Structures are given as C-alpha cells and as structure tokens.
Amino acid sequence: MPLDATASTAEGRATVVYVAADAAVSFACELLVRHGLPPEHATMVAESLVSADLRGVSTHGVVRLPGYIERVRRGMVEARPEIVVRNVTPVSAHVDGGNGLGFVVGNRAIDVAVELASSGGIGIVGVRRSNHFGMAGNYALRAVRAGMIGIVMTNASRAMPPFGGREPLLGTGPLTIGAPGGSNSSDFLLDMSPSVAARGKIRIAAQHGEQIPLGYALDAAGRPTTDPVEALKGVLLPMGGPKGSGLALVIEILAGVLTGSAFAGDVRDQYKDFDEPQNVGHLVIAVRPDLFLPLEEYRARMDVLAERVHANPPQDGVKQVFLPGEIELGAERDRRAHGIPVGTSELEVLQLEADAVGVARLAFSPERF
C-alpha cells in the first residue's frame, strides 16, 4: 500500500521509494495552485516535470519543484504571466513570456510554431523574458504529437567556459530535435546538452555525497575534480572540447542574442540569484514532415532508417543499438506501470513544501508496484 510519509533511511544513506505518475501530477499541481498558478498552468508544469521523471530524466523532474516554487514566492517569476505573441512574418513570431514559468511560456511558443507551420510549412518562434523550462524534450514531443518535427533550444545561466577557458560564461541549455516515426517505428527524440553532464546530475551527486567521474567539471581553481561540491563552485566542461563549446555558442546566439533575452553570462541562476528575473530565451521551430515529400513516403523512409539502425551489429558489451528516444520510451512504459523512483531525501523536501501550505503529502510505495 502507498504510504503518506517518508520511509526511514538505512544507516543514514539515501533510499528510494516509488511514486505513481498520476499521484505525482496531482500533488505538483495542487502545490502550484496554492502558490497562485491558474489550474491550467499548474497542470502544464506538473505534467512536464512528471514526464521527465517517467523518461528517466530525474534531474528535471518533480525534485525541481521546490526551486520553481521558491522563485514564485520571492516574486522572481509571475504566477499569472501576460504572454504576448507578435507575428513577425507568415512563418515567424516573437513571444514575450511575461516572466512566466518556462513550462507555460515554452508550451505557448511551440503551439504558436505548430500553428504557423500548419499553414506555412515551417514555424519559427523566438522567446524572451522566460524562465527555466525543464526537460526540453517535452516541447519537441509536443510538436511531434501535433504531427510536426520539433526543434527546440534554450539558453541558461552560466556554468561552462568557452573552450580553453576556466571561468563560467556559457549556459548548458540543450539542443533538442524530435521527429515523428514511421508506421512501424517509434518517434525520434534527441535531447542533448553541450556539456559532458547536466548540472542537475552534479547537484544530485552532491546531495547524496557521491563522486562524479573525472572529466565532468573543473573546481574553482581550474583543476579537474571528482568532488561535486567543488564542481558546483567551478565549471562544467563542454562535451567533445571545442565541439561542445561551439554548440553552446550557437545556442547562445539563436536562443539568446537573436531573441532579445539575456545572453553571454547574463541569465540569472534560478537557485542563487533572487535580485531579478532570469530572462531566459528559447528558440522553437516546427516543420511539417510532408514539406518536401508526401507524408506516407516520409513515414516509410523513417521506418527504413529505424530498421537499418536496429540492424547495425552491436559493439562488444552492447546488447542492442537504439535510436535516440527509444530507451527513454521504454523507461516511461516501465515507470507508468511500476512507479517513478524518488530518493527519500528529495521526497522529504517535497513533503515539507506540502506541509507548509496544507497540501496532502505525496503518497508512495517502498517497493515497485
């Protein structure tokens, strides 16, 4: 039976419990409504967070909820933003997010892009005055579910140096591309950060007292470190050296410089900076998959692509070759059936948030369902 209080830890070590997806959505939604969000906006945020947990991206799941709530409480995020959409050309628009939660602004932006692409074949939307929007894959998948190819990027607070540097300047905002699959293949979703590892992974390692692999980060003195606490004082490293750094600069240009949002280190840190809004920028693009070919031909070609990827002989130690997004889809199916794993230390923070505003604690099971 699900319980309504945090399970004890063994010998002080963090343990894991399991939460039903529907329960997590309802819990997060109620917490957000208590902090002033309209129910429809609260639902958007809650579903996005739980979607990340279901797909195995726990660094962007419900454990992030207290951080978003804190910014709303401090007036750094508008609970009821006035989002303004200005059409620029028949296939482009500029969105002022009104300093709303990035989830709400991001969903509005991708919906506008899809609408533009429906008539023009492609839709491109630049966003300013937004905030952190969680797992970028959610917005590409929203486009895919509308029958479109989705391309999404966002800038972020400084965490990574340009290649060869040692002080943070660039964000680790992701580049994400989603595409509808064929008749016999799943949808494609590439969701990647230009850093070796997401900053959220470093934070979780620090919370659990775990080390990080060498090559993830440098400490404040510019030395390689395996200590996540020291890594958070220093910088994350770009993947592939100059390639990851170059990709981060491209994202900075397209999501930051181009959109009119903060850029080049000016995006505020959502956990540390409470003096002014983040002013995050996003760039989202929707493309009709039948832009150049009939839809049936597109789908058939996607099936061929998937078949050839899956047929590629695996390397030693690899059981199967996957397309991007397939492993996460498998995780989602498993977690919907058997529960989302949540560390008890992270769960306790959520329970305290619930206690503070009189919301029922999140029910959980000590074992998989």
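Note that this is a predicted model, so its numbers are computed, not measured. Every chain's residues receive numbers from 1 upward, in the order its sequence appears when written. Only residues with pLDDT of at least 70 are given local features in this predicted model, and only at 80 or more are side-chain atom pairs given and counted; all residues enter the totals for whole chains, interfaces and linings. Side-chain numbers here rest on the full set of heavy atoms in the structure, without hydrogens or water.

### Focus on the sheet that holds strand 3 (residues 92-96)
Here we have seven strands laid out as an open sheet, ordered 2-3-4-11-5-6-7, and mixed in their pairing. In the strand order of this sheet, the two ends are held by strand 2 (84-89) and strand 7 (188-192), each with one partner. The mean angle between the axes of side-by-side strands here comes to 15°, regardless of whether they run parallel or antiparallel. At least two bridges found by DSSP between two strands is the condition for calling them paired. Numbered from the N terminus, helices here are DSSP runs of H or I no shorter than four residues, and strands are runs of E no shorter than two. For strand 4 (residues 122-130) and strand 11 (residues 280-287), the ladder comprises seven bridges, and the chain directions are antiparallel. Bridge assignment links V127 to a residue of strand 11, and that residue is H282. Whether two residues are in contact is decided by their heavy atoms: any pair within 4.5 Å suffices. For every element, the axis is a line fit to its C-alpha atoms; helices are fit only across the contacting stretch, and the angle between N-to-C directions ranges from 0 to 180 degrees. Its contacts with the sheet put helix 4 (residues 102-120) on strand 2, strand 3, strand 4, strand 5 (149-154) and strand 11, and the angle it makes with strand 4 is roughly 160°.

### Some thoughts on the sheet that holds strand 10 (residues 235-236)
Taken in spatial order, the three strands of this open sheet run 9-8-10, and their pairing is antiparallel. Both outer strands of the open sheet, strand 9 (224-225) and strand 10, are each paired with one neighbouring strand and no more.

### Section: helix 6 (residues 199-208)
Those residues of helix 6 that sit buried are R199, G200, I202, R203, I204 and A205. After helix 6 finishes, the residue G209 shows a positive phi value of roughly 70°. Throughout, exposure labels follow a simple rule: accessible area from a 1.4 Å probe, protein chains only, divided by the maximum for the residue type, with under 20% read as buried, over 50% as exposed, and the rest as partly exposed.

### Details of unusual backbone geometry
Phi at N99 takes a positive value of approximately 60°, unusual for a residue other than glycine. Along the chain, N99 falls in the loop between strand 3 and helix 4. Given the relative accessible area of 6%, N99 is considered buried.

### Observations concerning the packing of aromatic side chains
Each aromatic pair joins two rings of Phe, Tyr and Trp (for Trp, the six-membered one) with centres within 6.5 Å, and gets the label stacked for planes under 30 degrees apart, edge-to-face for over 60, and tilted for any other angle. Inspection of the entire model under this criterion finds two aromatic pairs. Ring geometry for F133 and Y139: centres 4.4 Å apart, planes at 20°, overall stacked. Judged by its relative accessible area of 2%, F133 is buried. Y139 sits in the buried class, given a relative accessible area of 1%.

### Here's the deal with the confidence of the model for the protein
Atom-level detail of predicted coordinates should not be read off regions where pLDDT is low. Note: pLDDT gives the predictor's confidence per residue, expressed from 0 to 100. Of the residues in the protein, 96% reach a pLDDT of 70 or more, and the chain-wide mean stands at 94. The low-confidence segment residues 1-12, where pLDDT is below 50, has 29 contacts with residues more than four positions distant or belonging to other chains.

### Regarding the nonpolar core
Residues V45, V50, L65, V125 and V152 are the most contacted members of the largest nonpolar core, which totals 59 residues. Broken down by element, the residue count for this core peaks at ten residues, all from helix 4. What makes a nonpolar core is a set of buried Ala, Val, Leu, Ile, Met, Phe, Trp, Tyr and Cys residues whose side-chain atoms join them at distances within 4.5 Å.

### A few points about the pattern of salt bridges
One speaks of a salt bridge when a side-chain nitrogen belonging to Lys or Arg is within 4 Å of a carboxyl oxygen belonging to Asp or Glu. Applying the stated rule across the entire model yields 17 salt bridges. Across the salt bridge formed by D96 and R129, the nearest N and O atoms sit 2.9 Å from each other. Of this pair, D96 sits in strand 3 while R129 is found in strand 4, placing the two residues 33 residues apart along the sequence. The partner of D334 in a salt bridge is R368, and the shortest N-O contact between them spans 3.0 Å. Taken together, the residues span a long stretch of sequence, with D334 in helix 10 (residues 326-338) and R368 in the segment after helix 11 (344-357) at a distance of 34 residues. Residue D334 is classed as partly exposed on the basis of its relative accessible area, which comes to 30%.

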